[in-house]
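# What the coordinates show
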Amino acid sequence: MRRGFAALLLVLAGLGSAQVWYYNVDQDNRFDPSTLNFNPSALELMCAGLLEPGATPAGGATVSNLTLPAGCPAAPPVVVYGTDPNTGDPVYATVLTVKFWGRRRADDRTYGTDPLVRLIERAYALQVDARGDLGRMDGQFLSPFTTPPAGVPPLTGSWNAWQASQTISFGAPQISDVRNFNRRYPTCRSLYNDRCWTAVFTWVLPARLVLHGNETGSAQLTLTPGLFVRRTAATLGVRGGAFETPELKPYAP
């Protein structure tokens, strides 16, 4: 009887320590760059026009009895990567950064960064809104979000067409700017009434433009991160004596 009563007290004591992480939805949740410019060259447009109507003959030497200009790929697709409108530098992937808040310490086995990474990879996706020249250009992204860096064009993977709104799943992030605070810190007190920590998670999302031979001019794509949404049903677990549904919640400081 005593053991059963003690176990019940342990469970009740743990109910106030649910596995909940918060993520900022202001300036700390963003894409960089948020806008990509795609500027196909005259050569790229010509290559797409030659390659798109039919398959490239063996060896890639000619198309419809025409010699491919130097610089054309041997076979479709003709791919154009974006540029940062602020710097003009080539951009193979946009960078997503999100600031998270968690209970206790960042290295905590139950409430720290490691269980948060596992939860995001297993159960969550990000709502991403896109606007720009989506209707007249074949813009694509490489899912899921992946670990930086992305300094070279990715050649293979599951490329998807941009829609006005889509959910994109996650791989492992890069984690930086980890800080631990005592329970007197105002945000810790308001979110958890406990010690807490913050960390910045960074992912990259490769993006490209595929030419089909009928494009003219340049294109632009602007991305806006939305909320984290569940991809799978909630899993009820036991952590620290408490029955919990681990989850992410938005937080606006």
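To be clear, the structure that these remarks concern was listed above.
The text that follows walks through the structure, step by step, so that each part is easy to find. Here the structure is a predicted model, which is why all the values come from computation and not from measurement.

About the thresholds
- Residues numbered from 1 in each chain as written.
- Predicted model: local features only at pLDDT ≥ 70, side-chain atom pairs only at ≥ 80, totals over all residues.
- Heavy atoms only, no water.
- Helix = DSSP H or I, 4+ residues; strand = E, 2+ residues; numbered from the N terminus.
- Buried < 20%, exposed > 50% of the residue type's maximum accessible area, 1.4 Å probe, protein only.
- Contact = heavy atoms within 4.5 Å.
- Areas by Shrake-Rupley, 256 points an atom, 1.4 Å probe, with all protein chains shown as cover.
- Phe/Tyr/Trp six-rings, centres within 6.5 Å; stacked < 30°, edge-to-face > 60°.
- Lys NZ or Arg CZ within 6 Å of the ring centre and 35° of its normal.
- Arc of directions from axis to C-beta.
- Core = buried A, V, L, I, M, F, W, Y, C linked by side-chain atoms within 4.5 Å.
- Salt bridge = Lys/Arg side-chain N within 4 Å of Asp/Glu carboxyl O.
- Disulfide = S-S within 2.5 Å.

## Comments concerning the overall build of the chain
Counting secondary structure elements, the chain contains four helices and 19 strands. Considering the chain as a whole, with its 253 residues, one finds that 43% of them fall into the buried category. Within the chain, residue pairs in contact and separated by at least 24 positions form 80% of the contacts whose partners lie at least 6 positions apart. When the accessible surface of the chain is split by element, carbon and sulfur atoms take 53% of a total near 13,200 Å².

## Quick notes on the packing of aromatic side chains
Tallied over the entire structure, the rule returns 17 aromatic pairs. An angle of 65° between the planes, with centres 5.8 Å apart, marks the rings of F100 and F228 as edge-to-face. Here F228 lies in strand β16 (residues 219-230) and F100 lies in strand β9 (residues 93-103), a separation of 128 residues in the sequence. With respect to burial, F100 and F228 carry one shared label: buried. Each member of the aromatic cluster is reached from another via a ring pair, and the members are Y23, F31, F100, F145, F170, F201, W203 and F228. The ring of Y111 carries the charged tip of R103 above its face, separated from the ring centre by 5.8 Å. A cation over an aromatic ring shows up here: R208 above the ring of W159, its NZ or CZ 4.0 Å from the ring centre.

## Digging into the environment of L223
Structurally, the position occupied by L223 is in strand β16. The class for L223 is buried, based on a relative accessible area of 3%. Along the primary structure L223 and G132 are separated by 91 residues, whereas in three dimensions their C-alpha atoms are 9.0 Å apart. Non-local contacts of L223, meaning those with residues more than four positions away in its chain, are made with F31, S34, T94, V128, D129, A130 and W162.

## Observations regarding helix α2 (residues 42-51)
Among the residues of α2, those classed as buried are C47, A48 and L51. Buried residues of α2, seen end-on, are gathered within an arc of 100° and therefore sit on one face of the element.

## Section: the nonpolar core
Counting residues in hydrophobic clusters, the biggest one holds 45 residues, and the most contacted among them are F100, F145, W162, W203, F228 and L248. The element best represented in this core is strand β15 (residues 196-211), accounting for eight residues. Dropping the residues within four chain positions of it, L248 is found in contact with W21, Y23, F100, L116, L119, I120, Y124 and F228.

## Brief notes about the pattern of salt bridges
The tally for this structure, following the rule as stated, stands at five salt bridges. Note that D107 is salt-bridged to R105, the shortest N-O span being 3.6 Å. Given the relative accessible area of 59%, D107 is considered exposed. Residue R105 is classed as partly exposed on the basis of its relative accessible area of 38%. The partner of D133 in a salt bridge is R136, with the nearest N and O atoms 3.5 Å apart. By relative accessible area, which is 44% here, R136 ends up partly exposed. Taken together, the salt bridges that share partners define one network made up of R103, R104 and D194.

## Examining the state of the cysteines
Throughout this description, disulfide means a covalent bond between two cysteine sulfur atoms. Applying the stated rule across the entire model yields two disulfides. There is a disulfide in this structure between C47 and C72, and the S-S distance comes to 1.9 Å. An S-S torsion of about -85° defines the bridge between C47 and C72 as left-handed. In this pair, C47 sits in helix α2 while C72 sits in the loop between β5 (66-67) and β6 (78-80), placing the two residues 25 residues apart along the sequence. By relative accessible area, C72 is classed as buried at 15%. Across the disulfide from C188 sits C196; the S-S distance is 1.9 Å. Negative torsions about the S-S bond denote left-handed disulfides, and the value of about -70° found for C188 with C196 makes this one left-handed. Neither residue differs from the other here; C188 and C196 are each classed as buried. Disulfide connectivity for the chain, with bonded cysteines indexed by sequence position, reads 1-2, 3-4.

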